Each structure stands twice: as C-alpha cells, then as structure tokens.
Amino acid sequence: MEIIKHDLVIIGSGLAGLRAAIEASRFSKGKLDVAIVTKTQALRAHSVCAEGGTAGVLRVEEGDSFELHEWDTIKGSDFLADQDAVELFVRLLPSELIQLEHWGILWSRRADGRVDQRPFGGHSFPRACYAGDYTGFAEMHTLYDTLQKYDNVKIYEEWFMTSLLIEENKFKGITAIEMKSGNMHAIKAKAGIIATGGAGRIYSFTTYSHTTTGDGQAVAYRAGIPLKDMEFIQFHPTGLVPSGVLITEGARGEGGYLLNKEGERFMKRYAPKLMELAPRDIVSRSIMTEIIEGRGFKRPDGLDYVHLDISHLGREKILERLMSIREYSIRLNGIDPIYEPIPVRPAAHYTMGGIHTDTYGATPIQGLWAAGEVACVSIHGANRLGTNSTAECLVYGTLTGRAATQYALSQSSYSNVPLDSIQMEEKRVFDEVLGKEGGENPFEIKEELRNLMDKKVGIFRTESDLKEAAKEIRNLKKRFKNIKVVDKSRVYNTNIIGVLEIENMLDLAEVIAYSALARTESRGAHYRIDYPQRDDKNWLKHTLAYYTPEGPKLDYIPVRIIKWLPVERKY
Amino acid sequence: MSITETKKHAVASYPKRYNLERYMFFIQRATGIFLVSYFYIHIFIYNQRIDAALWASIKTAFGNPTMYPMSFIFVTAIMIHGANGLRLILTQLGFFIGKPKLPVYPYPPSSIGKAERVILFILISVAIILIIVALGEFLFFIR
Amino acid sequence: MEVVFKIHRFDPSKDVSPYYKQYKITIDKGTTVLEALLYIKERLDNSLAIRYSCRMGICGSCGMRINGIPMLACKTQVSMLKSNIILIEPLSNNPIIKDLVTNFSNLFAKHKMIKPYIIRKDSELDNPTREYLQKPNEFFNILQFALCIKCGLCWSACPISSDNRYLGPFVLAQAYRYISDSRDDGYNERFDIIDSPHGCWRCHFAGSCSQVCPRGVDPALAIQLLKKSITTTKLGLKKIKTAAPVAPPLTEVTRKLDVPQPPPRTVFKNQRDSTNER
C-alpha cells in the first residue's frame, strides 16, 4: 500500500469530472496538483453515450430567454427542482456552450456558420445545441483533448474507488484499487469532487453502460452522506428493443412519430399540444399504457414495443443528423430507419437523485463536492428534461472545480489520513471480499436484482410491489454475504471489481425502493398507481436517505421555491 | 420500396482479413528487399572486374541461359515495385484518395475506395503488360 | 446455435505463457460477441478479464481480435461471423495486461504529443463571447476524423505499428483533425512532430487502419492528407489559413418562431421559504 498526495482528487472521468479538472487547472493557472481517479479508461466514461444535445439560451434575439428555460426546467421537474439552483444553472449555460465551441467541439451548424439548435422534449424553444446524434461523445472527446493542454493533471486510469476517508466531517482522501497491479492505495487530498455518474445499471432494460453502477453514490452513502430523491429514476421513452441502446430524443425533436400497433400517433391522447415532444416521464408512461392496453407490438420475451418512425424525415436529414441511431438499428436490429420504423420501449436512463449537495454542488462534508449525475442539487427535481444532463455536467463541473480549487489553495498543509481506516478497508476488500468461498455466483444475484427492479420498481409502482421489492432486496443482500469469488489473482481482477459494484448496486436499490415506498404521491418520474395525484401539501419536499446498518433512514427537507408556486402540469 | 430492397440496406458489414492495399504493402516490402539486395550483389559482382581472369569466368557463368530467369525476376520486381510506388507517390500527394466527407454507414473508406483501386489496377496492368513483353523477350533469348 | 469460443488467457501473476481456453455456448441470432463473452464471464468462468462499457460501439473499450481481425466485440454479431469456432485474442501491438486486456498508455501518451487541442493566440479562446464561425465545408472537412473513438483497432491492424515509436493511425488522424480545424492556429507548433521519421512518413499506406475502423474515420486518408500538406508547405505552395473569426452579433432574425412567454412570477425573492442549508 502506498499513500499518494494530491491537492485535488476528482473521482470519475466523465463530462463533469473532466470539466472540473480543466477548470481547476485553468483557475489555478496550472499550479494545482490534480488527480483524476477513474475505474475505466479516461475516454470510456458513460457520458459518451449521450446523444441528443445540450440546452442553453443562445438566441435571445429569436425569442428565447433565461426565464423561459427556467420555467421549462421547473415545470418539467414537476416543481420539485430547487429554483435558485435552476436560476444559477440556466444563466451559466450559454458561456459553457461557447467555451466548448472554442475548445473545438463540432456543434452542428447553420448554413451561415453559427451554432444550430434543435427542438427537444419539454422545451418551449429549440435550444438544444447538438453535434449530430453523438453530442456526449463530441463533448467528452473535446474536453479530454483540451485537458491534454495541462501538465498538472494526472489521470489514474482503471483505479476503482472503494471508500472515502472522512474524519470529523472533513474530507481527507480516498482509497482505491489499482486494477493493473491489484494493490490498494490511499490518495490523500485537500479537496475532492465526486463525479461518478448515475446508478441505472440496477435496471435490466436500460440505456446505461455496463460500468454505470452508482459507485460514487453508494460509497458516499456508506460514508454517511445522505442521498437525495433517489426514488426518481427517469425512463427514456425510446430504448431500442431488445438491446436497450438509446435512440435519442433528437429523433423526435427532428420530427419523428411514435406509432402504436394501429399506426396511430397515440401521443395526441396524452399530450395534445406537445405530442411526441412532451417531457420524458409523460411519454414513457404513455408508451407503457399503450403496451399494457394491448396496442403495442408483442415479443415472445415480454419486451413489447411501439414504433418510432423517422422515415418521413428524408434520407439527407437522417444521414446528417441521426447517423448513429441509424447505425445502431442497422447493426443491432437489421432495420434501416430511412425505410422502416424502429422498435422502441421505455428504458431506465437517468438517476435524478444522488448525493445531497447545496446550490453550488458542495456536499455536507467539508472539502468534498459532487458534480453531474451523481449529485442531486436538485435541478431536475422529479423529472429531468432532455439535454439538461450534459448541461448540468458542464455547469457543475465548472462550479465545483472552481470552488474546490479555491478551497484547496486556501488549505496550507495536508492533514493526516486515518491510517487505521485505510488498513481496515484493505482488510475488508482483500481478506473478506476476495476470500469469499460461499456457494452463490455474485453475477446471478446481480441479474436477479436487475430483473426485480424492472418488474417492481419500474415506471408504474404500487405499495405491494415496492414492499415486495424491498423484502426481496434484503434477501439478495443476505445471499450476497454467501458468494464465491473465483478469481484470486491480484492482476486486473474484474471479478472482485464486479463484486464490489454489485455490493454498491444492492445498497442503492434498497434506497430507491424505500424512498419510493415512502412517497405516497405521483410526481414526475415517480408514479404510484395507488396515489395517482400530485400532493403538494404533504410531499413538496426532498427525500434524504441516511445509511444505517439496518437499512436507509429517511428524512425530508423543503424545496426552495423563489419564483413560481406549483401549478397543474399539462402539456 | 419493396421489403427485399430495404433489407439490402440494413445489413451490418464486417471488415475482411486483409484488403488489397495490405497485400500490395507486403509485395512492395518483399520486392523492395529483393531489389536492394540485388543492387548490392550487382555492385559486388561488378567490382570483380579488377581481376581479369575472375571477371572472364563470371561473364561466362552469367552468359549461360540458365541465369536468364534471374534477370526476368529482377524485371518483374522492378515493374511491380515501380507501378505500386507510383501509386503511393500519387496518393501521398493527395490524388485519387477522395475528400473528407460525411461518413455514411457502413462507412466505406474513401482512401482505399474506387478511385484508388482504379489507379492501382491501371498501374499494375501496365506493369503486367510490360512483364509479358519482357517474358516474350526472355523466351526469345532462351531459344 | 452452438459455438465454441477459443479465448486467449494469460494471467502474468501465475501463467508462464499464454494459452487458449475453449467455452461452448449456445447463442441466438442477434447475440453480439460481447454478450457472449459476458455470458462466459458471468456464468461459466468469473475470472475472465475483459474491458467493456457502453455495448453500443461508442466508448471504444472492447476492441479485440475476433478470428484474427481487430473488431469491437459489441459491434460484432456472432452469427454473422459464419464460423463455429471463434478465436478471441487481445489487440496486437500493445502490451498485454491480462487475458483480453491490453495497455493503452503508450497510445494515449502519443495522443498528447500532437497537441490535440485548439491553439490560438487571441484572448477570446478562454473568455468566450460568441461562437467562432464555421462554414459547412470547413465542418465536413474534419467531421469524420472527429468521430474517432480511440479504440485502438487501427493501431492493432497496422503492419508497421510494431515500430513502437510510430505515432500510429488514430493519433495522426487527430493531428490532421486539429491542424485543419478552421478555428485552429497551431500548424507550425505541430509541424515537427508530424514531419518526423516516426510521424506521418512512417506510414506506407497499407490501408488496414481504414479497413477496420468501426467509425468511418478513415485514418489512412488523414495521413495521406498530412503528407500532402507537409509536402506543399515545404515547396512553399501551401495557402496559409487564418483562424476563423468570432461571429458578429445576430442582427437579422431569420427564424420566425412561435415562442410562448413564461408565466409571471408567483413568488418573490423576499418570500424565500427556506434557507440554503448544507
């Protein structure tokens, strides 16, 4: 074991992590010693899978305004968003978009050479800057490339964080496994930023990458930081059947139709004004309603679907603006969307909840920030609008990067890391987990968990389902104690990393099930069949889940409302 | 548009083991190594002229018709190497390799696309014609 | 359909030399190689090491040689390989860490060497006001090279990558992407590293990189264009480009949109009903 020293440690190399690293280097003029710890290679983060676009108010001249973007976001969130945070977020966005452009991203352009914007679900103005349908990929690679400018950043690729070192409510560092050698190291730091992304892999039919297992949330949760609003899991209306690969909302933004078995544009019954471009929670529920009522297409494996038709957009537009989804549907389904509709169904896509932070991304722990999907500020409230996720990563990457830099520069010396907790962590991972010799295959437990979550904690929830899910998760946790770790070697042991990920997933699944069980109303992405109405009197508040060995302990804090009182949400 | 026609568009494509240019690369390497060694052997043998007796025996040895195929291989190598080399010079100056454009699945690469293949075939055909002419000459000599 | 996967296995901490292990599994029509490998990893042999993430062909993790050809496992369907024995090996020309996982640090270090970022002298670069203008032809000139996912397949396919100092196809493609970006002004700074024996002149245009590229980047094209650019520069024929200007303020509104107004405020700041608590 080795103790490595850095001023600022950033966990996660997705959009938020890279943006924070750049901001830290830029703000400190290259003086700050920054480390990025990432469990994948730096370029392989899940952010590359984002497709549609990044929203931002660029065209005030054409009628867009900050207030309108705020209103769209707040209405989209079903009024659970903290409005001061939304105000800040919306105002910082335009300069982020232009900054990315200056760093070399290839935003799709208008004929006159200016940045183009496309319509997106829930937005009243076409304000989504986009790069074809590979926006997240373009942003990630632009930021990674720009980061190469700075020599003060060291990237620890394929290091898996196992715990946060916190003493007296102060951040001291992290412990991480270097996968290449299989040794555990401690990284001691003055400040830290968690940017590890969402937790959606706990669902079976999902658009998430295999690596998005909510490690940041789970580790913070076990370290005593509360998780906020975890019951709100966004289901993207259009996941490609059967693989779950994301078919961007941009396909509908460009003018695609959703059709049921009868060839009817069924969205007219659910959102007569915005049709296919209603917010995602509404479209997802509509698709599921169609499927449940028998107007979807049947599949033998139960993944019934509806059609997304973009064939009327014309070849040129599809080739230029929707090239990746065309590639995916040809390659995975043998369907060319220029001629045929794409089979889609709602898939788990985004974790609105996450580590509890204040308006500026600071966690309750001194010296520790959280940015991006892992955090819950909350900008997205009960339902995120499309294009606001990459936007949040950029804005909060910048904000936390700058705040953490200021804090780290103000700390004159490194405080000592708690040696006993490092040794305890090393013992836990390498003696207890690696030495497990039970009878269960951990990956089977993972499969069961994911199917359970899809079935019982999905789009439509009921009390009995949620109770059963909570019981079942407890049961899986018990079985998890009895697993067998086959690979005993230290070098690049994906077996033990997988097991640690499953441990994290089980913890988060429990939080989600308990939070959802407690919230007896329907708001945004959280829809309870037994409580179908929004209840502003009792439930206009954020859930906070605290870790206890017996299970999550729930608490609530009020929503910060500074502009608009909740009204009926109709599209 | 009929279903069979639409299905034709929707087939995923996979790369082959080696493309034509990759084989040409091997041939270029092989002929290159052969020609360089030929050149050195050639210089070495010509240097034996200072010894008149030795030179006379070398001359009779190489005057033997059994040595003609050696010369034929040399001509073949030089033709192929030259033709392919000309293609490489042209492509390195940016001719026949297409322009950057919007990639369309299954992403056929333009640098090893139609224009480049055509120029490759033309140059190699010219080389082969010359080789056939040379073969005729050699057969004539052998007779 | 029953298929045998013959997988390269090597654990440096216990094996002296690599060996191949066979797994027989049943696959469906649409199963990808990655799904098959994950099935093997999760059900048959937990100790198999693979690198994978997005399973949709955009993260670039799962590059490997499938029946000898460098491909992304997630982009390849088993049934399309038309073979009952499938040989899975790690990418060549990279040091092997374990089983199918190779070390990319050399490649990423080279990527850093070519300065893969916009270089400009104006202060606008870090103090953005409005976007730089970029015309459609300038956009399409570099678009396909910007689609590179750095998966390393080109490096594995290249016959001269065994020269470890060679920059390699995707790095050179990125060099071309940045020097021909209309917003960039750093051609001279990158010139020497590209115009070196281990730079673009090491390429002999075997075209294998373009053949295996899963994203249509066509690195061979970029490298030939680099050679052309360097040749014309040395002959003094190259047109010197000026970095793109900042867009002027939008004066003429070309789009007529029916934009709704946000509703009037119903709460005012002094009525803030809770504090900003941590």
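Structure shown above.
Everything numeric here is computed off the predicted structure, so don't read it as measured data. (Residues numbered from 1 in each chain as written. Chains lettered and ligands numbered in written order. Predicted model: local features only at pLDDT ≥ 70, side-chain atom pairs only at ≥ 80, totals over all residues. Heavy atoms only, no water.)

> Where do I start with the packing of aromatic side chains in this structure?
Two measures describe an aromatic ring pair: the distance that separates the ring centres and the angle between the ring planes. According to the stated counting rule, one finds 26 aromatic pairs over all chains in the structure shown. Plain terms: the ring middles of Phe266(A) and Tyr270(A) are 6.4 Å apart, the flat faces sit at 80° to each other, and that makes the pair edge-to-face. The ring of Tyr156(A) carries the charged tip of Lys154(A) above its face, separated from the ring centre by 4.9 Å. A cation over an aromatic ring shows up here: Arg17(B) above the ring of Tyr18(B), its NZ or CZ 4.9 Å from the ring centre. (Phe/Tyr/Trp six-rings, centres within 6.5 Å; stacked < 30°, edge-to-face > 60°. Lys NZ or Arg CZ within 6 Å of the ring centre and 35° of its normal.)

> Sorry if this is basic, but what is going on with the packing of helix 2 (residues 105-113) of chain C against helix 5 (residues 169-179) of chain C here?
How two helices pack is summed up by the angle between their axes together with the distance between the axes. Residue and element names in this part refer to chain C. One can describe the packing of helix 2 onto helix 5 by two numbers: an axis separation of 9 Å at closest approach and a directional angle of 20°. Overall, the two elements helix 2 and helix 5 adopt an arrangement that is roughly parallel. In this structure, helix 2 meets helix 5 at a crossing whose hand is right-handed. Residues Leu107, Lys110 and His111 of helix 2 pack against Phe170, Val171 and Gln174 of helix 5. Among the residues making up the contact of helix 2 with helix 5, the classes are represented as 3 nonpolar, 2 polar and 1 charged. (Axes fitted to C-alpha atoms, helices over the stretch in contact; angles between N-to-C directions. Helix = DSSP H or I, 4+ residues; strand = E, 2+ residues; numbered from the N terminus. Parallel < 35°, antiparallel > 145°, perpendicular 65-115°, else oblique. Left-handed = near helix turned anticlockwise from the far one by under 90°. Contact = heavy atoms within 4.5 Å. Nonpolar A, V, L, I, M, F, W, Y, C, P; charged D, E, K, R; others polar.)

> Even after reading the chapter, I still don't get helix 9 (residues 323-333) of chain A, so can you show me in this structure?
Along an α-helix, residues three or four apart share an orientation, since each turn contains 3.6 residues. Residues and elements named next belong to chain A. Within helix 9, 10 of the 11 residues are buried, which leaves the element mostly enclosed by the surrounding structure. Looking only at helix 9, the buried set comprises Met323, Ser324, Ile325, Arg326, Glu327, Tyr328, Ser329, Ile330, Arg331 and Leu332. Following helix 9 by one or two positions, Gly334 has its phi on the positive side, about 70°. (Buried < 20%, exposed > 50% of the residue type's maximum accessible area, 1.4 Å probe, protein only.)

> Which parts of the structure should I look at to understand unusual backbone geometry?
For the bond from Val241(A) to Pro242(A), the omega torsion is 5°, close enough to zero to count as cis. Tracing the sequence through the fold places Pro242(A) in the loop between strand 11 (233-240) and helix 6 (250-253). Cis geometry marks the peptide bond from Tyr105(B) to Pro106(B), where omega comes out at 5°. Note that Pro106(B) resides in the loop between helix 4 (68-92) and helix 5 (114-142). The phi dihedral of Lys29(A) is positive, around 55°, even though this residue is not glycine. Here Lys29(A) shows up in the loop between helix 1 (15-27) and strand 2 (34-38). Backbone geometry places Asn67(C), a non-glycine residue, at a positive phi of 50°. Here Asn67(C) is to be found in the loop between strand 3 (63-66) and strand 4 (69-72).

> I'm lost on the interface of chain A and chain C in this one. Help?
For interface size, the figure often reported is the accessible area lost on association. Residue-level contacts link 98 residues of chain A with 92 residues of chain C. Summed over both sides, the interface of chain A with chain C buries roughly 8,400 Å², with 53% coming from carbon and sulfur. Looking at the side of chain A facing chain C, the largest losses of area belong to Arg44(A), His102(A) and Leu106(A), adding up to 9% of the total buried there. Taken together, the connections running from chain A to chain C amount to 8 salt bridges. Across the pair Lys446(A) and Glu42(C) runs a salt bridge whose closest N-O atoms are separated by 3.5 Å. Taken together, the links from chain A to chain C amount to 46 residue pairs in polar contact (both at pLDDT 80 or more). Where the side of chain A that touches chain C is concerned, the elements lending two or more residues are helix 2 (66-76), helix 3 (83-102), helix 4 (135-147), helix 9, helix 12 (442-456), helix 14 (494-518) and strand 21 (553-558) of chain A. A per-element tally of the side of chain A that touches chain C places helix 3 of chain A first, with 7 residues. (Buried area = accessible area lost by both parts, 1.4 Å probe. Salt bridge = Lys/Arg side-chain N within 4 Å of Asp/Glu carboxyl O. Polar contact = N/O pair within 3.5 Å; in protein donor to acceptor, adjacent residues only side chain to side chain.)

> What should I look at first to understand the sheet that holds strand 4 (residues 117-118) of chain A in this one?
Hydrogen bonds between backbone groups are what pair the strands of a sheet, and the pairing can be parallel or antiparallel. Residues and elements named next belong to chain A. With antiparallel pairing, the 3 strands of this open sheet are ordered in space as 3-5-4. Whereas interior strands pair on both sides, the edge strands pair on one side only; in this sheet they are strand 3 (54-55) and strand 4. Strand direction decides the pairing type here: strand 3 and strand 5 (residues 128-129), joined by 2 bridges, are antiparallel. Of the residues in strand 5, the one forming a bridge with Thr54 is Cys129. (Pairing = 2+ DSSP bridges.)

> Honestly, the side chain of Gln148(A) in this entry has me stumped. Any pointers?
Within the secondary structure layout, Gln148(A) lies in the loop between helix 4 and strand 6 (153-157). Here Gln148(A) falls in the buried class, since its relative accessible area comes to 8%. Of the polar contacts made by the side chain of Gln148(A), one reaches the backbone oxygen of Tyr144(A); its length is 3.1 Å. For Gln148(A), the residues in contact, after removing those within four places along its chain, are Lys112(C), Pro116(C) and Tyr117(C).

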